[in-house]
Every structure is written in C-alpha cells, then in structure tokens.
Amino acid sequence: MSKIEGAVRELHRVDSIAGADRWIHRIYPSVKLILTVFYIAFVVSYGKYQLPRLILMGVYPIVIFILGDLSFFDALRRLRFILPFVCAAGIFNPLFDRKILFYAGEIGITGGMVSMAALLIKGVYSVLASYLLIATTPVEKICFSLRKMHVPAVFVTQLLLTYRYISVLLEEAQRMAQAYALRSPGQKGVHFKVWGSFAGQLLLRSADRASRVYDSMLMRGYQGEFSCAAVSKCRQRDIGYLLVWLAAFVALRIG
Amino acid sequence: MHMADALVSPAVAGAMYAASTAAAAYSVKRVKHEDDIKKIPLMGVMGAFVFTAQMINFTIPGTGSSGHLCGGVMATALLGPYAGFLTMIGVLLIQCLLFADGGLLALGCNVWNMAFYGCFVGYYLIWRPMTRRRLSGGRILAGSLIASMLTLQLGAFSVAVETLLSGVTKLPFSAFVAVMQPIHLAIGFVEGAITAAVLLFVYQARPELLDDKGKSGRQNRFSYKRTIAVLGVFAVITGAGLSLAASSYPDGLEWSIQQVAKAEEIEAEGGGVYAAAEGIQSATSLLPDYAFPESENRMGTSCSGIVGAVFVLALCVGVCYAIRFWGKKRIK
C-alpha cells in the first residue's frame, strides 16, 4: 500500500512547491499553460534524427529550473512512470534501423541509436515541462486559466473538486489499507474475496461525502459554478515572457 | 496504457485532441441538459474515488502479482456515460499534471483510449443492453467483464495505431499489436473482475446508485446504432486523414517556410558585408554549420552537432547559475 502513501506525499509536496512566491510563480497562469503546450508540441515535432537541435530545446527547462530555484531531482523522479513505456517503444529502433549515420571514434552510431536517444530526450523534456507548469502553478490557478479560455464551468468545477478530494480520499484509503494490512499480516494487496467490499466501502463513503459536500456548498451559495479567486491580471511582461520564449522555440526549430 | 508525449507526433496529438474535445463538448452539453447541479459535486468526488481506487493493489489469485483498476466502466455505471466521461478526463488530467502519468500533449490520445471507449463504447454496446431491462448479479458480472475486456482491447489497439501514425518506433505494427492485445486481454479481465466485485457490492448495499443513468435527459441520442456509426466514421477519418499526416511531406512549419522563402534554405544575396561576416564566422567558429572544420561527411555533421548542442546547454547552465548567484547576492 506504499503507493497510496507515495501519492499522498507527492500531492503535498507539489502543493507546497506550487504555493511558493518566486518570480516564476507570479507569471500569469494562462501564459505558463500555453507555453508548456507549445513547448511540448515543438519538442515532439522534431524528426527522429534531429538530435542536436532537439538537445538545444533543453534551454527552456534549464533556464526555468535554475532561475526559478526548482529541484531537478523532484522532476526526474517523475520520469519513472513514463520512461519504461518510452524505452519499450524505442528499444527496437536500434534493432530495426542499423544504417550507420556516423562514427564516434571506432563505434558506428546507427540511425536506430540516434532515433532512440531522440525519443528518450523528447520524453524527458516533455515531463520536465509539465513539472515546470505544476511546480509553479497551483491547480486552482490552472483551473482558473482553463475557465478564462472558456472551458465549460461543468468540467472545471468537477476537476477542481476531484483535485481537492483526492487527498481526502487517499488518506481515507490509506487508513483502510493500514487497518486491512494489520489484520492480514504478510499478505500482498487486497484478497480477491474482499475486492468488492474493500473498494465498495470506499465508494459508498465517497457517495455519502459527495452528498454532504453538495449540502454544504448549497449553504454557501453554490449555484452551479465556483467564482474564481482573485488572480493577478495578465501584465505586459507576462505577454513579453510568452513571446520571448515562443520566438526562442521558433528560432531553435528553424535555425 | 498512458501514452507519453514523446510517443505522439503533433499531427496525431492534434487529431486526437479534436476527437476527444468533440466528445467532451457533447458530454458537457448533455450534462447541462440534465440540469442537475447536484451531479457536479458527485462527479468531483467520484473522480477522486476512481483516482484513489487506482492506487489500491488487488491481489490476483494464483499469480502472486496484483492488479489495478482503470475505472472507466465503473465511473460510467455509476454516473452515466456523459458525466462519467468528463470525470475520467479530470482524472487523466490530474494524473498527467501531478504524477507525470501520461503527457499533456498526449492527453487527447489518453482520453480517447481510456475514457471514450470505456464510457461510450462499453456503456452503449455492452453495459446498457445487458442491464437496461433487468439488473441482476449475473448481468453485472458479465457486463463488467465483457465491457472492460472489449474497451481495453480497443484502447490498446488505438495506442498501437497512434504510435504507428506518429512514426516514433521502428517496431512493426503487427508485432506491436501482437504484444499489446494479449497483455491487455489479461489486464481487461482483471479490470472487469474488480469492477464487477465493486458494482456487485454496491448493488447489494445501495442498488439505487446503479439506476440506468441513460434514462435521464432525451432518450436514445446515442443508441447502439449511433455508437457503431460514430465509430465507423472515426475509423474512416483515422485511416484516410491521419495517414496523410504520416506522409513524407515536410511538416507544417517547414512547409510554411518553404512557401514563404520558395527555397529549402535562405541564402544571403551578394557579397560585401555578408561575405566579410561569413569569412570571420568561418575563421572563428569551432563547429561551422554543425560540422568539424574540414569535415564533409555525415559523421562531422551529426557528431559535432551533438557536441555543440551539449556545449550550448552547459553554457546555458553556467550563465543561469551566475545570474542566480548575483541575484541572491544583490538581495542580501
């Protein structure tokens, strides 16, 4: 059940990092969201043999990580979900693409090796960019940006509620799992005979909680949409920040 | 089955975003049409439940390993297809942002592969026809198992197709499918068994939670036939449309530049200042045009390009640390 504990810790860590008040945190949330999507789109648009130019795209995460005083190690830990799948897809490239592109000393570097390296770098850069977004922008502000981009209130509200209740339900599941583990020592996971009752109990508690949440929201004047909390306005320097980076991406892509 | 950003090309990601957005827009419209504001908090809390349930290890008897829940079919059985679909998008978005499980650019693909099939195809083809007239333990068990296995098979096949169209792997499509489908058949069976166990528990404890959610709102807007028709249209679009995107033509940006410049590379005209500047650059540059000096072969181009790129990044690291150091010193 350490997975639940890990998830709870990760949520609290991201919350505390995103809640800091550095220059990068004060950039307008929509600007960071748009920039992240564009950056990832630019990164994945490189051809499979365009390794040098792709490496140069590392300028963006490097600059933001160092100047924003963010931890590289926190971001690198997040690669554990993505890298195995990317490796699995790319591992066959050196086997099927054996055309030698160049020699590094005596070793012939094949197209497959280059394309696999490019795939891994794309995976790493895109994860780092997503981390930069979430480590500098609280989820509430991302929801605010989505609302500003006219994403329907139904979706944004349920997204916000899901995020808020994940930590509550994770902690509840952690307590249940701990109680279960104490009563069944040496057992790995939940026995199949209690699959239904274990997750089902959590589900019924969640449904009851949803009902209580709804009642309390009604009492606080909820009418189908949350009003967005005060977020600073988009300033000229936020637009400048966006344009400078976009220009840099275009320059790196075509330069 | 979460796809990473690195595994999709912008064209495929864009197409899948468009398809998923269309399904999401229709779902929002239907949820609004139901005009039940109580449903939104329920969707939020159920999203958190699905997320939490995915973290629980369920021991698979006789194997020593454990399985996990995906939750698409369960969310749909409890909330209905439209609210279930929106809830699953929220779960996938949070997984992608907070836990790097799936990519932001690949979100459209992941929504389609893991939420669309489970919430619409699984619901309208399997779950609803099996449980609409009469709800029983056997029907819940069969519906959950078949719906989960079918939707995971469709999802796994979509992953293979999207990866093929993105052109990121040299692994032959047939080999990729041959690996993906059997694995996801087993995963689908475990997913179906867990879903069935939970829904059977709910059926015994609170049967009202499993009322036919498709009854609310207008009837049969997405019937069995419509589901098949939409899937057929999507298959045609995927086959005909995306195969064009995977062609050997230059990408959009390169094409635009070629159209504007009418040439592959922009050459400077005339001599004078340009020639002088070029002379100075050739004489001083370590790696002219990404090649070692005097090198004409591809080795020079590729190897020196990589060395040059790493050198630039190292320089960037140094400059950034210097700026941070002076910034902190100034604050002190």
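Computed from a predicted structure; not experimentally measured.

A. Summary view of the interface of chain A and chain B. On the chain B side, the residues contacting the 96 residues of chain A number 90 residues. Surface buried jointly by chain A and chain B totals about 8,400 Å² across both partners, of which 79% is contributed by carbon and sulfur atoms. Of all residues in chain A, F85(A), W195(A) and L203(A) bury the most surface against chain B, accounting for 9% of the area lost on that side. On inspection of chain A and its partner chain B, the count reaches one salt bridge. The shortest N-O distance in the salt bridge between R206(B) and D208(A) comes to 2.9 Å. For the interface between chain A and chain B, the tally reads three residue pairs in polar contact (both at pLDDT 80 or more). Per-element accounting of the side of chain A that touches chain B gives the leading share, 18 residues, to helix α11 (residues 195–219) of chain A. For the side of chain A that touches chain B, the class distribution of residues is 64 nonpolar, 21 polar and eleven charged.

B. Quick peek at a nonpolar patch on the surface. Residues I34(A), F38(A) and M149(A) make up a contiguous nonpolar surface patch of about 240 Å² in total accessible area. As for its position among the elements, I34(A) is in helix α2 (residues 29–44).

C. Up close: the packing of α2(A) against helix α9 (residues 139–148) of chain A. All names here are of chain A. Where α2 meets α9, the axes come as close as 8 Å, and the angle between the chain directions of the two elements is 85°. Viewed along their axes, α2 and α9 adopt a mutual orientation that is roughly perpendicular. Counting all contacts with α2, which are made through P29, S30 and L33, the residues of α9 involved are K141, F144, S145, L146 and K148. Residues belonging to the contact of α2 with α9 are distributed by class as follows: four nonpolar, two polar and two charged.

D. Spotlight on the layout of surface pockets. Each pocket or cavity is described by its volume, and for the second largest pocket that value is around 1,200 Å³. Lining the second largest pocket are 42 residues, with M1(B), H2(B), H68(B), D101(B) and I187(B) positioned closest to its centre. Where the lining of the second largest pocket is concerned, the elements lending two or more residues are α1 (2–18) and α6 (79–90) of chain A together with β2 (66–67), α4 (81–99) and α7 (173–205) of chain B. The leading source of residues in the lining of the second largest pocket is α7(B), at eight residues. Within the lining of the second largest pocket, the residues separate by chemical class into 25 nonpolar, nine polar and eight charged.

E. How the structure looks around helix α1 (residues 10–34) of chain B. In this model α1(B) runs 35 Å from its N-terminal to its C-terminal C-alpha over 25 residues, within 8% of the 36 Å that 1.5 Å per residue would give. One or two positions beyond α1(B), positive phi appears at D35(B), with a value near 55°.

F. Spatial organisation of the pattern of salt bridges. Residues and elements named next belong to chain A. In this structure the tally under the stated criterion is eight salt bridges over all chains. Across the pair R209 and E172 runs a salt bridge, and its minimum N-O distance is 2.4 Å. Placement of R209 in helix α11 and of E172 in helix α10 (residues 153–183) is noted, with a sequence separation of 37 residues between them. E172 carries the same exposure label as R209, and that label is buried. Between R235 and D238 there is a salt bridge, with the nearest N and O atoms lying 3.2 Å from each other. R235 sits in the partly exposed class, given a relative accessible area of 29%.

G. Here's a closer look at unusual backbone geometry. For H150(A), which is not a glycine, the phi torsion comes out positive at approximately 65°. Even without a glycine there, the phi angle at A100(B) is positive, about 55°. In this fold, A100(B) is placed in the loop between α4 and α5 (107–131).

H. The pairing of strand β1 (residues 100–104) of chain A, seen in detail. Residue and element names in this part refer to chain A. With four bridges joining them, β1 and strand β2 (residues 107–110) adopt antiparallel strand pairing. When the bridges of β2 are listed, F102 appears paired with I109. Following β1, the chain reverses through two residues before pairing antiparallel with β2; G105 in that reversal takes a positive phi of roughly 70°.

Cut-offs used in this document
- Residues numbered from 1 in each chain as written.
- Chains lettered and ligands numbered in written order.
- Predicted model: local features only at pLDDT ≥ 70, side-chain atom pairs only at ≥ 80, totals over all residues.
- Heavy atoms only, no water.
- Contact = heavy atoms within 4.5 Å.
- Buried area = accessible area lost by both parts, 1.4 Å probe.
- Salt bridge = Lys/Arg side-chain N within 4 Å of Asp/Glu carboxyl O.
- Polar contact = N/O pair within 3.5 Å; in protein donor to acceptor, adjacent residues only side chain to side chain.
- Helix = DSSP H or I, 4+ residues; strand = E, 2+ residues; numbered from the N terminus.
- Nonpolar A, V, L, I, M, F, W, Y, C, P; charged D, E, K, R; others polar.
- Patch = residues over 30% accessible without salt bridge, like charges linked within 9 Å, V, L, I, M, F, W, Y side chains within 5 Å.
- Areas by Shrake-Rupley, 256 points an atom, 1.4 Å probe, with all protein chains shown as cover.
- Axes fitted to C-alpha atoms, helices over the stretch in contact; angles between N-to-C directions.
- Parallel < 35°, antiparallel > 145°, perpendicular 65-115°, else oblique.
- 1 Å grid on protein atoms, 1.4 Å probe; cavity = no way out; pocket = protein on both sides within 12 Å on 5 of 7 lines; lining within 4 Å.
- Points joined across faces, edges and corners; volume = space filled by probe spheres on them.
- Expected span 1.5 Å × (residues − 1).
- Buried < 20%, exposed > 50% of the residue type's maximum accessible area, 1.4 Å probe, protein only.
- Pairing = 2+ DSSP bridges.

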